[in-house]
Amino acid sequence: MEKHLIAVDLDGTLLTDDKKISARNKLALQKAREQGHEVVIATGRPYRASSMYYEELGLTTPIVNFNGAFVHFPGNDDWGVYHEPLDLSTVKEIIEVSEKYQIHNILAEVIDDVYFHFHDEKLLDIFGFGNPKMETGDLRQVLKKDPTCILIHASESEVAKIRKYLTEVHAEVIDHRRWAAPWHVIEIVRTGMSKAVGLKRISDYYNIPKNNIIAFGDEDNDYEMIEFAGMGVAMGNAIDGLKGKAKETTLSNQEDGIAVFLEKYLKL
């Protein structure tokens, strides 16, 4: 069988709802690697919040973080580090305007450093994962570097209004997505950044054609990756829009959907 590149999203895809990799999924990915296929993680998470799964799977491949805005190869500095951050001046404009809406907080991430506009115990717990450097204060003053991404945590009623503003004013320089429920969070990255961008870089490195790329996802940050892959697979729990773009739909993240598909497709 020809060599394949298998790309897996984490939350809602590889991971169960309690954030674990099931034994069956782990075994299927291990068998695929033994057959000579390459397995990569493609996630919206930063590296610090995905490295434990990378290590648990024993991967030796590049990893896509921040939905493609940061791509690197752990342990292989020669491969290069691809970081495509937002322009700081644009970010400051967005912060200025966001304060006119009912926002709870604005966060900026610079690779593995996290900056909070306001103190927020609940978000500190979530973003403190992996012990990043954390700082709180007016982002227009404390942010000194171009951020990898920014997150606007707003009232549910304000999310659509903020996204409308972002599209009308900054469409040429940013892309934005809404997090899945129950979070009313808008995630902003540099325009053109997607998991597909990282996946193309990795597939070129391994010289694996698009037809031999299998990608699994469940949310709207997986659209580009699912369309880019020769075999884009939506999870059973995926949003309807993604199922419409995928070539196939497998079982949910609670039902070993990745393993069920790979066992049959790759004859594991």
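This text follows the structure it describes.
One structure accompanies this document, and this report is about it.

The rules we used
- Residues numbered from 1 in each chain as written.
- Predicted model: local features only at pLDDT ≥ 70, side-chain atom pairs only at ≥ 80, totals over all residues.
- Heavy atoms only, no water.
- Core = buried A, V, L, I, M, F, W, Y, C linked by side-chain atoms within 4.5 Å.
- Buried < 20%, exposed > 50% of the residue type's maximum accessible area, 1.4 Å probe, protein only.
- Contact = heavy atoms within 4.5 Å.
- Helix = DSSP H or I, 4+ residues; strand = E, 2+ residues; numbered from the N terminus.
- Pairing = 2+ DSSP bridges.
- Axes fitted to C-alpha atoms, helices over the stretch in contact; angles between N-to-C directions.
- Phe/Tyr/Trp six-rings, centres within 6.5 Å; stacked < 30°, edge-to-face > 60°.
- Lys NZ or Arg CZ within 6 Å of the ring centre and 35° of its normal.
- Salt bridge = Lys/Arg side-chain N within 4 Å of Asp/Glu carboxyl O.
- Left-handed = near helix turned anticlockwise from the far one by under 90°.

### Some details on the nonpolar core
Of all hydrophobic cores here, the largest spans 54 residues; its most connected members are Ile 6, Leu 14, Leu 199, Ile 214, Phe 216 and Leu 262. Ignoring sequence-local partners within four residues, the contact set of Ile 214 consists of His 4, Leu 5, Ile 6, Ala 7, Met 231, Val 233, Phe 261, Leu 262, Tyr 265 and Leu 266.

### Some points on helix α11 (residues 257-265)
Buried within α11 we find Gly 257, Ile 258, Ala 259, Phe 261 and Leu 262. Those residues of α11 that are buried lie in contact with β1 (5-8), α1 (10-14), α2 (23-34), β12 (213-217), β13 (231-234) and β14 (248-249). One or two residues past the end of α11 sits Lys 267, with phi positive at roughly 55°.

### Some points on the sheet that holds β1
Pairing in this open sheet of 5 strands is parallel, and the strands run β2-β1-β12-β13-β14 from one edge to the other. Of all the strands in the sheet, just β2 (38-41) and β14 have a single pairing partner and so form its edges. The sheet strands contacting α11 are β1, β12, β13 and β14, and the helix crosses β12 at an angle near 160°.

### Some remarks on the packing of aromatic side chains
Aromatic rings considered in pairs are described by the distance between their centres and by the relative angle of their planes. Enumeration over the complete set of coordinates arrives at 7 aromatic pairs. A centroid spacing of 5.9 Å and a plane angle of 85° characterise the contact between Trp 79 and Tyr 205, whose relative ring orientation is edge-to-face. You can see Trp 79 sitting in the loop between β4 (70-72) and β5 (82-83) and its partner Tyr 205 sitting in helix α8 (residues 195-206), a full 126 residues away along the chain. Plain terms: the ring middles of Phe 261 and Tyr 265 are 5.1 Å apart, the flat faces sit at 20° to each other, and that makes the pair stacked. One end of the pair is Phe 261 and the other is Tyr 265, both in helix α11 and 4 residues apart, which spans about a single turn. On the accessibility criterion, Phe 261 (11% relative accessible area) is buried. One aromatic cluster is present, formed by Phe 73, Trp 79, Tyr 82, Tyr 205 and Tyr 206 through successive ring pairs. A cation over an aromatic ring shows up here: Arg 201 above the ring of Tyr 82, its NZ or CZ 3.7 Å from the ring centre. Just above the ring of Tyr 223 sits the side chain of Lys 245; from NZ or CZ to the centre is 5.4 Å.

### Observations concerning the environment of Ser 155
Counting through the fold element by element, Ser 155 comes out in the loop between β9 (149-154) and α7 (156-170). Along the backbone, Ser 155 and Glu 121 are 34 residues apart, and their C-alpha atoms lie at a distance of 17 Å. Not counting residues within four places of it along the chain, the set of residues in contact with Ser 155 comprises Gln 102 and His 104.

### Remarks on the side chain of His 72
For His 72, the location among the structural elements is in strand β4. Those residues in contact with His 72 that lie beyond four places of it in its chain are Tyr 47, Pro 62, Ile 63, Asn 65, Trp 79, Gly 80 and Val 81.

### Quick look at the pattern of salt bridges
Evaluated as defined, the whole model comprises 18 salt bridges. A salt bridge links Glu 38 to Lys 3; the shortest N-O distance between them is 3.0 Å. Of the two residues, Glu 38 sits in strand β2 while Lys 3 sits in the segment before β1, which places them 35 residues apart along the sequence. A salt bridge links Asp 204 to Lys 200; the nearest nitrogen and oxygen atoms lie 2.8 Å apart. Taken together, the positions of Asp 204 and Lys 200, both in helix α8 and 4 residues apart, correspond to about one turn of that helix. Residues joined by salt bridges that share partners form a network here, namely Glu 96, Glu 99, Asp 138 and Arg 140.

### Considerations on the packing of α2 against α11
Between α2 and α11, the shortest axis-to-axis distance is 8 Å and the interhelical angle comes to 35°. Between α2 and α11 the crossing geometry is left-handed. From α2, Arg 24, Asn 25, Ala 28 and Leu 29 reach across to α11, where they touch Gly 257, Ile 258, Ala 259, Val 260, Leu 262 and Glu 263.

### Thoughts on the sheet that holds β4
Strands sit in the order β3-β4-β5 across an open sheet of 3 strands; the sheet is antiparallel. Each having just a single partner strand, β3 (63-65) and β5 make up the two edges of the open sheet. Here β4 runs beside β5; their pairing, made up of 2 bridges, is antiparallel. Bridge pairing links Val 71 to Tyr 82 in β5. Relative to the sheet, α8 contacts β3, β4 and β5, its axis offset from that of β3 by approximately 160°.

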